[in-house]
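The lines below spell out each chain.
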Amino acid sequence: MSTGLPIEDVIDEIRAALQAGDSLVVTAPPGSGKTTVVPLRLLAESWRRGKIVVLEPRRIATRSAAARMAFLLGEDVGDTVGYVTRNDRRTGPTTAVEVVTEGVLTRRLQRDPSLPGTAAVIFDEIHERNLQTDLGLALALEARAAVRPDLKLIAMSATIAAPELAGLLGGDTAAPVVSADAELHPVDIRWVPLPRRGRLDDHAAGVVRRAIQEAEGDVLVFLPGMGEIRRVQRRLDGVTAHVRILHGSLSAAEQDAAIAPSPPGSRKIVLSTDIAESSLTVEGVRIVVDAGLNRSPQLDTRTGMTRLKTLTASRASADQRAGRAGRLGPGVVYRLWSKLEHGTRRPDIEPEIARVDLAGLALELAAWGAPDPSTLRLPTAPPPRNYAEGVDLLRSLGAVDASGRLTDTGRAMAELPVHPRLARMIVAAGPDAAVACVLAALVDGRDVIRGRPEDVPVDLSLRARLVVDERASYPGSDDRGLDRVRREARDLARRAGVSGPVDPAAAGRALALAYPDRLAVRRGSPGRFQLRTGGRAWVLDTDPLAPEQFLVAADLDGNRREARIRLAASISADDVADRFADEVTTSTALRWVDDRLVARRERKIGGLVLDTSEQRPPPSAEVAGELLTRVTKDELRPLRWTAAARHLVERVAFLHRSLGDPWPDWSQPGLVASAEEWLAPHLTVLSGLDEIAQLDVHRILRAALPYPDAARLDELAPRDLVVPTGRSVPIDYSGEIPAVSVRVQEMFGTAVHPTLGGVPVVLELLSPADRPIQVTSDLAGFWDGSWHDVRKEMAGRYPKHAWPDDPVTADPHRN
């Protein structure tokens, strides 16, 4: 059975290299037949005492390669050639060539590094630099060095840096490199860049219409994603060719229809992502229209989230795509960018390990027993920061301990073919494990509800209900997507040993196990949320989840300031307290609300406030401190200053001014400054500002006077002055010098001016109408001086009262 393909010319070299050693690098142009011919030609080799496992990066390529090899042998898939993917298997007792997807090989190596029953592993299309391929190669190299020295490892690609790869595979001695020369038919490159402000879908559809007029054969169109594919498909309505779609989310039958030859006398247009770039042959293609874009996962290290981003394809990818047009004869390639721009593009594909979330890699290495990636022969070392963040995530999920070793939870997580977040959700969900499997399948794939972002609700529990109830429907729901989720959920449940009914209402409770860092609480208006990490997030205020108090976000758009929530589920306050019981902290802080001191109680998880309550605080030293601060800030005004209290303060302030120590400084600033000494002890039994007004300030201050000097207060600063009539007249201490207001007749008979502490009392002498007639600090001088003028005036005004010439010898009287 000869295929006539160019790879047949070097089969003898390949056989000889593998007879002599255990490693080989094969390079051959697209369409040379390496994927399907090499495994078949190695079946009869003497060293083959087991299966030849062929690793393909995609499920569609896996099925296609197996089908093509079975066709060449004239057999059915599952006989000599079979395949195994995550959710599908076609093998039998006579299968000798097994085409598998990347994760399948990794799982086999993790379970048994000796790979029993496997003679060789072929890493096809290794140039794509998928993380799982790089990991599988590194694990296989270590397994061969430790337990399987006879294991053959072959790396194949159309574009690869062969010397570097040969050195990696061979170790001390580089592996041999066998190259097949295949002259492709000439390809005419035509540059048709997207017009400024033009739309990609309009431009691509226009170029396709032009291409089918200018050239012969079927058309393969490379577009970045399903959205662009659908829009271009609509714009090709009415074209005289069959329009097919090629995408990983489609059913096997739809994918097979896209890659199958066109019916005789007709043409087809295949709208594809980069899935058709390599390892997959689309029959009949002579024209390629290349948008020059691809959608790839990219990690934003500032948010810790990996998102699909639309990027410009490398020059190597563009060459691979162009090669699809030259397999059958002269072809034409229409590139939707300029020749000048082409020269600025990245020459090779960037390794996935350098641009994605590495939590999955860290989990695999921990399961392998090599948490330090530098101990493995990886084609590219992971960025240290990204890898450290992946390990930190595993630690937060309980998958590894402080030293990076796998825990029991991590060991169970490593058995599931999903991101560690989702694996942990399934493993730890307990009675919610069934819905956790559904959620993992929903989050891990394309959204099952299509439409404009503003029209699509974010609720994952709604999607879970659509999965559970096959009779249910929702505008924009994708039946094929729902079927995919059901299959994948069943597969996850089988792997995890999960059974029982699915409860969509438990979605939030389960999701919190996968995304503990994305718990969000509503803040302010509906739709506005705060994440426990401190960032803000939002949904449209019209979304059904907008009024919810708590959400768990499974998908965010990566905006660092205010992320849009794309997928989430609500979670009750009780479930939050239960899920995060070990992390919930309760704190109480005092705060002023107008003139009320309240104790604000907060329950928090990290920086996320779950709930708050306010109540009157009980008396405490902290409360006393707050009250003291407020009272002194308000300069003691909140206290109830009775006349007695004020008079006491003024008397003591006078003594401080006139005598100094030990009399305290009871001026206004002095009282404020010393409040902690005289007032604070009386605040420890209070809980609010309103109670301060009930304090007996006079009693408190009297008790604060220095002992034993306080006993002399009434002597040194008496409340009253006894005047010659025998009446006690209150002394006013509010000024700098004590003062007394008294009718002048009551001071008759007084020759010596009264003093306090050696300071003359200010006398305000009053008329019989109690109006001031003189203010003096020298009564004797007044009698001898201006009294005579005052006497004349007062005698005329108040003739019934006594106005003696010599008041010192006159008798005092009140009236």
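Note that this is a predicted model, so its numbers are computed, not measured.

Conventions used here
- Residues numbered from 1 in each chain as written.
- Predicted model: local features only at pLDDT ≥ 70, side-chain atom pairs only at ≥ 80, totals over all residues.
- Heavy atoms only, no water.
- Pairing = 2+ DSSP bridges.
- Helix = DSSP H or I, 4+ residues; strand = E, 2+ residues; numbered from the N terminus.
- Contact = heavy atoms within 4.5 Å.
- Axes fitted to C-alpha atoms, helices over the stretch in contact; angles between N-to-C directions.
- Core = buried A, V, L, I, M, F, W, Y, C linked by side-chain atoms within 4.5 Å.
- Buried < 20%, exposed > 50% of the residue type's maximum accessible area, 1.4 Å probe, protein only.
- Salt bridge = Lys/Arg side-chain N within 4 Å of Asp/Glu carboxyl O.
- Expected span 1.5 Å × (residues − 1).
- Parallel < 35°, antiparallel > 145°, perpendicular 65-115°, else oblique.
- Left-handed = near helix turned anticlockwise from the far one by under 90°.
- Phe/Tyr/Trp six-rings, centres within 6.5 Å; stacked < 30°, edge-to-face > 60°.

Caption draft 1: Layout of the sheet that holds strand 4 (residues 89-90). What the eight strands build is an open sheet, ordered 4-3-5-2-6-7-1-8; its pairing is mixed. The open sheet terminates on both sides in strands that have one partner only, identified here as strand 4 and strand 8 (177-179). Judged from the five bridges that link them, strand 2 (residues 51-56) and strand 5 (residues 97-101) form a sheet pairing that is parallel. Paired with Ile-52 across the strands is Val-97, a residue of strand 5. Strands in contact with helix 4 (residues 102-111) are strand 2, strand 3 (81-84), strand 5 and strand 6 (118-123); relative to strand 5, the strand with the most contacts, it is inclined by about 105°. Helix-sheet contacts for helix 6 (residues 162-170) involve strand 1 (23-27), strand 7 (152-157) and strand 8, and the interaxial angle to strand 1 is about 160°.

Caption draft 2: Molecular detail of the nonpolar core. Counting 105 residues, the largest nonpolar core has Phe-123, Met-425, Leu-439, Leu-442, Leu-460, Leu-511 and Leu-519 as its most contacted members. Sorting elements by how many residues they give to this core places helix 16 (residues 433-443) first, with 11 residues. Discounting residues that sit within four places of it in the chain, Phe-123 has contacts with Leu-55, Leu-105, Thr-133, Gly-136, Leu-137, Ala-140, Leu-153, Ile-154, Ala-155 and Met-156.

Caption draft 3: Local environment of the sheet that holds strand 17 (residues 519-522). If you walk around this closed barrel you meet the five strands as 17-18-19-21-20, and the pairing is mixed. Direction aside, the axes of adjacent strands within the sheet are offset by 50° on average. In this structure, strand 18 (residues 528-531) lies alongside strand 19 (residues 536-538), joined through three bridges in antiparallel fashion. Bridging across to strand 19, Phe-529 finds its partner in Ala-537.

Caption draft 4: Structural context of the pattern of salt bridges. This model, assessed by the stated rule, comprises 64 salt bridges. Among the salt bridges present, the one from Arg-471 reaches Asp-469, with a minimum N-O distance of 3.4 Å. The exposure class assigned to Asp-469 is partly exposed, which follows from its relative accessible area of 30%. Here Arg-532 and Glu-583 are joined by a salt bridge, their closest N and O atoms 2.7 Å apart. Linking Arg-532 in the loop between strand 18 and strand 19 with Glu-583 in the loop between helix 20 (573-579) and strand 22 (584-593), this pair joins segments that are 51 residues apart in sequence. Here Glu-583 falls in the partly exposed class, since its relative accessible area comes to 37%. Overlapping salt bridges, with partners in common, bring together Arg-199, Asp-201, Asp-202, Glu-228, Arg-231, Arg-235 and Arg-295 in one network.

Caption draft 5: Expanded view of the side chain of Arg-484. Structurally, the position occupied by Arg-484 is in helix 18 (residues 479-496). Accessibility expressed as a relative area gives 13% for Arg-484, which makes it buried. Those residues in contact with Arg-484, other than ones at most four positions away along the chain, are Ala-441, Gly-445, Arg-446 and Val-448.

Caption draft 6: Examining helix 7 (residues 200-214) more closely. Here helix 7 contains 15 residues, and its C-alpha end-to-end distance of 21 Å stays within 8% of the 21 Å for a straight helix at 1.5 Å per residue. For helix 7, the full list of buried residues reads Leu-200, Asp-201, His-203, Ala-204, Ala-205, Val-207, Val-208, Ala-211 and Ile-212.

Caption draft 7: Structural context of the packing of helix 5 (residues 131-146) against helix 12 (residues 359-368). The contact between helix 5 and helix 12 brings their axes to 11 Å, and the two run at 15°. With respect to helix 12, the element helix 5 is oriented roughly parallel. Remark: the crossing between helix 5 and helix 12 carries right-handed chirality. Only Leu-361, Glu-364, Leu-365 and Trp-368 of helix 12 make contact with helix 5, whose side of the interface consists of Leu-131, Gln-132, Leu-135, Leu-139, Glu-142 and Ala-143.

Caption draft 8: Focus on the packing of aromatic side chains. Overall, the coordinates contain eight aromatic pairs when judged by the stated rule. Ring centres of Phe-748 and Trp-787 lie 5.9 Å apart, and the angle between their planes is 80°; on these two criteria the pair is classed as edge-to-face. Taken together, the residues span a long stretch of sequence, with Phe-748 in the loop between strand 27 (739-743) and strand 28 (755-756) and Trp-787 in helix 29 (residues 787-797) at a distance of 39 residues. Judged by its relative accessible area of 1%, Phe-748 is buried. Consider the rings of Phe-782 and Trp-783, whose centres lie 5.5 Å apart with planes at 40°: the pair is tilted. Comparing Phe-782 with Trp-783, the two get one shared label, buried.

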